[in-house]
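Structure assessment
This is what each chain is made of:
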Amino acid sequence: KRGTGRAISKAQAIDILRKAGQAGLVQMVENSRALGKVICNCCSCCCAIIRPARTDPACKPVLAPSLFKASLVEDNCIGDELCLDVCPMDAIELDEVTQKVRIDEDRCLGCGACLSACLSDALNLVKIRQPDFIPE
């Protein structure tokens, strides 16, 4: 009604989300079980919510984590560091001894951006919370 949007098909929406994920953008929705109105494809360097949550621990509670956390399949990790570049919360680092990545579970939002970047299938998401974690 405001002239700021346009109708798209379900296939077009899925394609946009896929391309945004491939670009390393973090896909976020409202933290509610009700039908949401917003899907953001956020860049961690300029998002008004992610950037302060990443750099200031006092701001992290503003972001509600998903039901998941990233998990490493260590045998598959080739240490290429691609996942480090896309993690919006800097929750992944390379272990200099093992040359495998480590995930800081306290920083991980469970957004899945790292999975899109990993070429060796070394990362997956593990469900750690029940659906009732998300408010009505």
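For the structure, see preceding data.
Residues numbered from 1 in each chain as written. Predicted model: local features only at pLDDT ≥ 70, side-chain atom pairs only at ≥ 80, totals over all residues. Heavy atoms only, no water.

Points about the overall build of the protein
Our working definition: Strands are runs of DSSP state E lasting at least 2 residues, helices are runs of H or I lasting at least 4, and numbering of each runs from the N terminus. Exposure is judged per residue with a 1.4 Å probe applied to protein chains only, and the accessible area is read against the type maximum: over 50% gives exposed, under 20% gives buried, and values in between give partly exposed. Two residues form a contact once any of their heavy atoms are found within 4.5 Å. Residues scored as positive are Lys and Arg, those scored as negative are Asp and Glu, and His as well as the terminal groups of each chain are ignored. By convention, the point assigned to a charge is CZ for Arg, NZ for Lys, CD for Glu and CG for Asp.
Counting its secondary structure elements, the protein contains four helices and six strands. Tracing the protein from N to C terminus, the helices and strands come up as α-β-β-α-β-α-β-β-α-β. Overall size of the protein, expressed as C-alpha extent along the three principal axes, is 55 × 30 × 30 Å. For the protein, with 136 residues in total, the buried portion stands at 30%. In the protein, 57% of the contacts between residues at least 6 apart in sequence involve partners at least 24 apart. Of the charged side chains in the protein, 17 are positive and 18 negative, and the gap between their average positions amounts to 13 Å.

Structural notes on the pattern of salt bridges
Applied cut-off: A side-chain nitrogen of Lys or Arg and a carboxyl oxygen of Asp or Glu constitute a salt bridge if their distance falls within 4 Å.
One pass over the full model with this rule turns up five salt bridges. Here Arg54 makes a salt bridge to Asp90, at a shortest N to O gap of 3.3 Å. Here the residue Arg54 occupies a position in helix H2 (residues 50–55), and Asp90 occupies one in the loop between helix H3 (82–86) and strand S4 (92–94), the gap between them amounting to 36 residues. With relative accessibility at 18%, the residue Arg54 sits in the buried group. Here Asp90 falls in the partly exposed class, since its relative accessible area comes to 46%. The shortest N-O distance in the salt bridge between Arg102 and Asp95 comes to 2.9 Å.

As for helix H1 (residues 10–22)
Filter applied, for reference: What a helix is expected to span follows from its residue count: subtract one and scale by 1.5 Å.
Between its terminal C-alpha atoms H1 stretches 18 Å, which fits the 18 Å expected from 13 residues at 1.5 Å a residue. Just downstream of H1 lies Gly24, where phi reads positive at about 85°.

A few points about the layout of surface pockets
Leftover empty space is mapped by rolling, across the atoms, a probe with the size of a water molecule. Inclusion rule: Buriedness for pockets is judged along seven lines, at least five of which must meet protein on both sides within 12 Å for an open set on the 1 Å grid over protein atoms alone, while cavities are sets there where a 1.4 Å probe fits but cannot get out, and lining residues have an atom within 4 Å of a point. Grid points are joined across faces, edges and corners, and a volume is the space filled by probe spheres set on the points. Each residue gets one label: Ala, Val, Leu, Ile, Met, Phe, Trp, Tyr, Cys and Pro are nonpolar, Asp, Glu, Lys and Arg are charged, and the others, such as Gly, are polar.
In this structure, the largest pocket occupies an estimated 550 Å³ of space. Lining the largest pocket are 23 residues, with Gln27, Met28, Val29, Ala64 and Ser66 sitting closest to its centre. Secondary structure elements with two or more residues in the lining of the largest pocket: strand S1 (26–29) and strand S2 (39–42). For the lining of the largest pocket, the element with the highest residue contribution is S1, accounting for four residues. Within the lining of the largest pocket, the residues separate by chemical class into 17 nonpolar, five polar and one charged.

Function cannot be read off these values alone, since they describe shape.
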